[in-house]
Amino acid sequence: MHKLDKLSGIREEIVADIPIPEEIFYFQSCVASNKYPGIESCTLDVLNKLGVKPFVSEDQTCCGGFVTFANVAAPTASMPAVARNISLAEEEGLDICAVCNGCWTFLNEFGHFMNGNDEVKESVNMMLNMMGREYKGESNIFHIGAMLYKLKDRIAENVERPLEGLKFATHYGCHYLGGGKYGAIDDAQHPSFIQELVEIMGGENVDYTASGECCGTGFTQVINDKEKSLDHSQMKLESVRDEADPDFVIVLCPYCLSQLDRMQQQLDYRRDVKLDIPIIHITQLAGLALGLPKERLAFDAHIGGQDRFKKALNKIGIDY
Amino acid sequence: MLEKANDWSDTFYDKWKPIAMGFVNGAEKCLQCGKCTGQCPAAAVNPSYNPRKIIYDLVNGNIKRVLSSVELWQCFFCSGCFATCPVDINFPFFVFMLRLGAMSQGFGWEDVKQLEKYAEKDYLQDGITVSPEERNPYVIEERGDIADIRQKAGMPRQREVSDEAIAEINMISDLSGMTNFMKKIGGVELYDCSKCTPKIEEKCKSKELPKKVGNVKTHYRFYNYGVPIGGADNA
C-alpha cells in the first residue's frame, strides 16, 4: 500500500465546512431499499450510534436521476422533482445525507443550477406552489462517505469489533469524486479517505490496478448494451481477484454495489469466470466495526462471494 | 425546448447553447488533448467511441455526424472525462443534451424505449425507480425474497412512499410534458430484418431495430467514428 500521508488529496477545507448536526435528513436510495436493505439499516444504526439522528420521510421519492439520464425525462421534468425532494428537508430545517453517488450528484448538480439561475427557480416554484411546497435552496447535500469521514473521531471511539486480519480493497465510484469534483472531499484521481477509515477500524488496505475504473454499469449501458457492460465489469473484477484478493471490496454507491455483485453471477453463468468477491457498502463497513448484529448488516441480500463472506465474518467473530 | 435543434447549420452549437439551459457550455475551450478519451471506460470496450472527436465535430458544425452516430449512445456517464479535463468541460452533460437533440432528429428512440418502462412502471407508480421484483431466477432461488431479508433486519417488508408523494410526482410529470412524451413512445413495432440490405446490415447495430417507436419514426444510426471492433481484449 502507498504511504497515505504522501498521497492524500483530501480537501481539508471542504471537510471543515461539513457541520456535525444533531439530526439529518436521510435520503433513501432505490437500490439500497429494494435490493440491498443492509445499506439502509446500517445507515440508520451507524448514524444513531455516532450521535446523529436520521430523519426518514415517506414523502421522499427517487431522485429521478435514472429516468433523466435515460432521456425519458427532460431536465424541465426532473428539475421540479429534485426541488420537491430537497424542499422536504427544508421544511424540517435539515441538511440532506445521501448514501448513493447518483443521488448526491443529481441533487447537488441540479440544486446548484437552480440556486444560480433565478428564472429556472421561479418556474420550478410555480409548479411546486401548486402542491403547497416551495424550494428555497437552503439545505446542503452531503454524501454519507463524507459524513463518516467527518465523524472519524467518533468512529474511532466507538469501534466495538476491530477488523483485524481482514483485507479491504476500495471502489470509489464515478459520480461522487468525478461528477462532483469541486464538491467532493477527496481528489478524483487519487482518493484515500476510505483507506483512512479502514485503518481507523483496524483493517488492512490492499490496492489493485483498476481501482479507479468505472464499475461497468454505464448508467443505462447495462440494459442497452449488456455485453460491453459485462466486458468492463469482468476486467475490473479480475483485477480485484488476481491482484488484491481482498476479503471485502468497499463501495460508496449502491448502484456500483449492485453491478459488481450481480455481474459475478452473470459472468459465471455466461462466460465461466469464477469470482468470489464480497462487495459491501461503506455504511456496512462502519456497521461491521461498530458491532451491529448480522441481521442488521443483511449480507444475505448479496449474491457474489458468499463463501468468502462466511470465512471473513467468522474471522472477526460473527457466526455467519 | 428542442424545436430549435432542427437547424443543422455550422452555427448549431451557438444557437443550441441557450436551449440546453446553461448546463453545457465551454465546448469551444476544448484543447483536443484527448485525456477524456484516454481514460474513458466506454472507449475501452468500444474503440470507435471517441469523446474528443465528438466535441471537435460539435464545435466545428459537423453536427449531423454526431447526432446520427451509434457512438453517441455508448457513453457510460461516468464523468471521468469531466474529472480529468484540464478546461473543465462537462462532457457527460453534452452527451445528455446531444441525445435529446438526436431524438428530435429521430435517432435513438429504440434505446430510450427500452428504458421508458422504468419511468412508467416504477418511478411514476411506486416513486422508486428500482423495483424489489427480481427477474433473475438464480437470485430468487439462492437469496429468497428481499422482503424477508428486510423483515429479518427489523424493517417493514417494503419501503413505502406515501400516496401524496406519488400523486405529486405524477403531477410534475403531467405538467412538464413527461407524460405526453412517454405516451408518444408507447408502442413499439419491430423492424422487419428480412428486408434489410447488405449495405445497411454492415453498419446496423447487432440487435433488431424497431422502425417505429410509438408515434415516432426512428432512423438508422451509423458507426460514424470508425469500425466497431474490440471488446473484452481491449479493456
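Residues numbered from 1 in each chain as written. Chains lettered and ligands numbered in written order. Predicted model: local features only at pLDDT ≥ 70, side-chain atom pairs only at ≥ 80, totals over all residues. Heavy atoms only, no water.

## Quick notes on the environment of Cys-81 of chain B
Residue and element names in this part refer to chain B.
Part 1 of the argument: For Cys-81, the location among the structural elements is in helix 6 (residues 80-84).
Part 2 of the argument: Judged by its relative accessible area of 9%, Cys-81 falls in the buried class.
Part 3 of the argument: Not counting the four nearest positions on each side in its chain, Cys-81 is found in contact with Cys-36, Gln-39, Phe-91 and Pro-92. (Helix = DSSP H or I, 4+ residues; strand = E, 2+ residues; numbered from the N terminus. Buried < 20%, exposed > 50% of the residue type's maximum accessible area, 1.4 Å probe, protein only. Contact = heavy atoms within 4.5 Å.)

## Focus: unusual backbone geometry
Part 1 of the argument: Notably, Asp-272 of chain A is not glycine yet its phi reads approximately 60°, a positive angle.
Part 2 of the argument: Looking at the element boundaries, Asp-272 of chain A is found in the loop between helix 15 (254-271) and strand 8 (279-281).
Part 3 of the argument: Asp-272 of chain A sits in the exposed class, given a relative accessible area of 56%.
Part 4 of the argument: Of note, the phi angle at Asp-88 of chain B is positive, near 60°, even though the residue is not glycine.

## So, the packing of helix 7 (residues 101-115) of chain A against helix 8 (residues 118-129) of chain A
Describing two packed helices takes the angle between their axes plus the distance from one axis to the other.
Residue and element names in this part refer to chain A.
Part 1 of the argument: Close contact between helix 7 and helix 8 brings their axes to 6 Å; oriented N to C, the two are set at 105°. Regarding the angle of helix 7 to helix 8, the classification is roughly perpendicular. In contact with Phe-113, Met-114 and Asn-115 of helix 7, helix 8 contributes Asp-118, Val-120, Lys-121 and Val-124.
Part 2 of the argument: Classifying every residue of the contact of helix 7 with helix 8 by side-chain character gives 4 nonpolar, 1 polar and 2 charged. (Axes fitted to C-alpha atoms, helices over the stretch in contact; angles between N-to-C directions. Parallel < 35°, antiparallel > 145°, perpendicular 65-115°, else oblique. Nonpolar A, V, L, I, M, F, W, Y, C, P; charged D, E, K, R; others polar.)

## Describing the packing of aromatic side chains
Part 1 of the argument: Applying the stated criterion to the full structure yields 20 aromatic pairs over all chains.
Part 2 of the argument: Where Phe-69 of chain A meets Phe-106 of chain A, the ring centres are 6.1 Å apart and the plane angle is 75°; that geometry is what we call edge-to-face. With Phe-69 of chain A in helix 5 (residues 65-69) and Phe-106 of chain A in helix 7, this pair connects stretches of sequence that are 37 residues apart.
Part 3 of the argument: Taking relative accessible area as the criterion, Phe-106 of chain A reaches 4% and is therefore assigned buried.
Part 4 of the argument: Seen in terms of ring centroids, Phe-168 of chain A and Phe-248 of chain A are 5.7 Å apart; in terms of plane orientation they differ by 20°. Their pairing is stacked. In this pair, Phe-168 of chain A sits in strand 5 (residues 167-171) while Phe-248 of chain A sits in strand 7 (residues 248-251), placing the two residues 80 residues apart along the sequence.
Part 5 of the argument: An aromatic cluster is built from Phe-66, Phe-69, Phe-106, Phe-110, Phe-219 and Tyr-255 of chain A together with Phe-77, Phe-93, Phe-96 and Tyr-118 of chain B, whose rings are joined through pairwise contacts.
Part 6 of the argument: Directly above the ring of Phe-82 of chain B sits Lys-181 of chain A, whose terminal nitrogen or CZ lies 4.8 Å from the centroid. (Phe/Tyr/Trp six-rings, centres within 6.5 Å; stacked < 30°, edge-to-face > 60°. Lys NZ or Arg CZ within 6 Å of the ring centre and 35° of its normal.)

## Some words on the sheet that holds strand 4 (residues 141-143) of chain A
Residues and elements named next belong to chain A.
Part 1 of the argument: Read from one edge to the other, the open sheet built from 4 strands follows the order 2-1-3-4, with strand pairing classed as parallel. Of all strands in the sheet, those bounded by a partner on one side alone are strand 2 (53-55) and strand 4. Pairwise comparison of adjacent strand axes, ignoring direction, gives a mean angle of 40° for this sheet.
Part 2 of the argument: In this structure, strand 3 (residues 96-98) lies alongside strand 4, joined through 3 bridges in parallel fashion. Across the sheet, Ala-98 pairs through a bridge with His-143, a residue of strand 4.
Part 3 of the argument: Along the sheet face, helix 6 (residues 75-92) touches strand 1 (23-27), strand 2, strand 3 and strand 4 and points at about 165° away from the line of strand 1.
Part 4 of the argument: Lying over the sheet, helix 7 contacts strand 1, strand 3 and strand 4, oriented at roughly 155° with respect to strand 4. (Pairing = 2+ DSSP bridges.)

## Focus on the sheet that holds strand 5 of chain A
Residue and element names in this part refer to chain A.
Part 1 of the argument: As summarised here, the arrangement of the 4 strands in space is 6-5-7-8, forming an open sheet in which the pairing is parallel. Whereas interior strands pair on both sides, the edge strands pair on one side only; in this sheet they are strand 6 (204-205) and strand 8.
Part 2 of the argument: Of the pairings in the sheet, the one linking strand 5 to strand 7 comprises 4 bridges and is parallel in character. Following the sheet pairing, Thr-170 is matched in strand 7 by Ile-250.
Part 3 of the argument: Sheet contacts for helix 15: strand 5, strand 7 and strand 8; angle to strand 8, the most-contacted strand, approximately 165°.

## With respect to the interface of chain A and chain B
Part 1 of the argument: At the interface, 72 residues of chain A touch 72 residues of chain B.
Part 2 of the argument: Considering only the surface of chain A that becomes buried against chain B, Asn-34, Asn-71 and Val-72 of chain A emerge as the three largest contributors, covering 11% of it.
Part 3 of the argument: For the pair chain A and chain B, the interface holds 7 salt bridges.
Part 4 of the argument: Measuring nitrogen to oxygen at the nearest pair gives 2.9 Å for the salt bridge that ties Glu-168 of chain B to Arg-133 of chain A.
Part 5 of the argument: The interface formed by chain A and chain B includes 25 residue pairs in polar contact (both at pLDDT 80 or more).
Part 6 of the argument: Top element by residues in the side of chain A that touches chain B is helix 6 of chain A. It accounts for 7 residues.
Part 7 of the argument: Of the residues contributing to the side of chain A that touches chain B, the split by class is 32 nonpolar, 25 polar and 15 charged. (Buried area = accessible area lost by both parts, 1.4 Å probe. Salt bridge = Lys/Arg side-chain N within 4 Å of Asp/Glu carboxyl O. Polar contact = N/O pair within 3.5 Å; in protein donor to acceptor, adjacent residues only side chain to side chain.)

## Observations regarding the pairing of strand 7 of chain A
Regular strands place their side chains on alternate faces of the sheet.
Residue and element names in this part refer to chain A.
Part 1 of the argument: Residues Phe-248 and Ile-250 point to one face of strand 7 and Val-249 and Val-251 to the other, with burial holding for every one of them.
Part 2 of the argument: As judged from the 3 bridges shared by strand 7 and strand 8, these two strands associate in the parallel manner. Across the sheet, the residue bridging to Val-249 is Ile-279, located in strand 8.
Part 3 of the argument: Handedness of the crossover joining strand 7 and strand 8 through helix 15: right-handed. (Right-handed = clockwise from strand over helix to strand, strands pointing away.)

## Some details on the pattern of salt bridges
Part 1 of the argument: Summed over the entire model, instances satisfying the criterion amount to 26 salt bridges over all chains.
Part 2 of the argument: One salt bridge in this structure joins Asp-231 of chain A and Arg-271 of chain A, with 2.9 Å as the shortest N-O distance. Separated by 40 residues along the polypeptide, Asp-231 of chain A in helix 14 (residues 226-244) and Arg-271 of chain A in helix 15 bring together distant segments of the chain.
Part 3 of the argument: On the basis of relative accessible area, Asp-231 of chain A is assigned to the buried category, the value being 8%.
Part 4 of the argument: Using a relative accessible area of 23% as the deciding quantity, one classes Arg-271 of chain A as partly exposed.
Part 5 of the argument: Its salt-bridge partner being Arg-241 of chain A, residue Asp-242 of chain A comes within 3.0 Å of it at the nearest N-O pair.
Part 6 of the argument: You can call Asp-242 of chain A exposed: its relative accessible area is 54%.
Part 7 of the argument: Overall, Arg-241 of chain A belongs to the partly exposed group, its relative accessible area being 29%.
Part 8 of the argument: What emerges from the salt-bridge pattern is a single network uniting Arg-84, Glu-91 and Arg-133 of chain A together with Glu-168 of chain B.

Geometric values such as these leave the question of function open.
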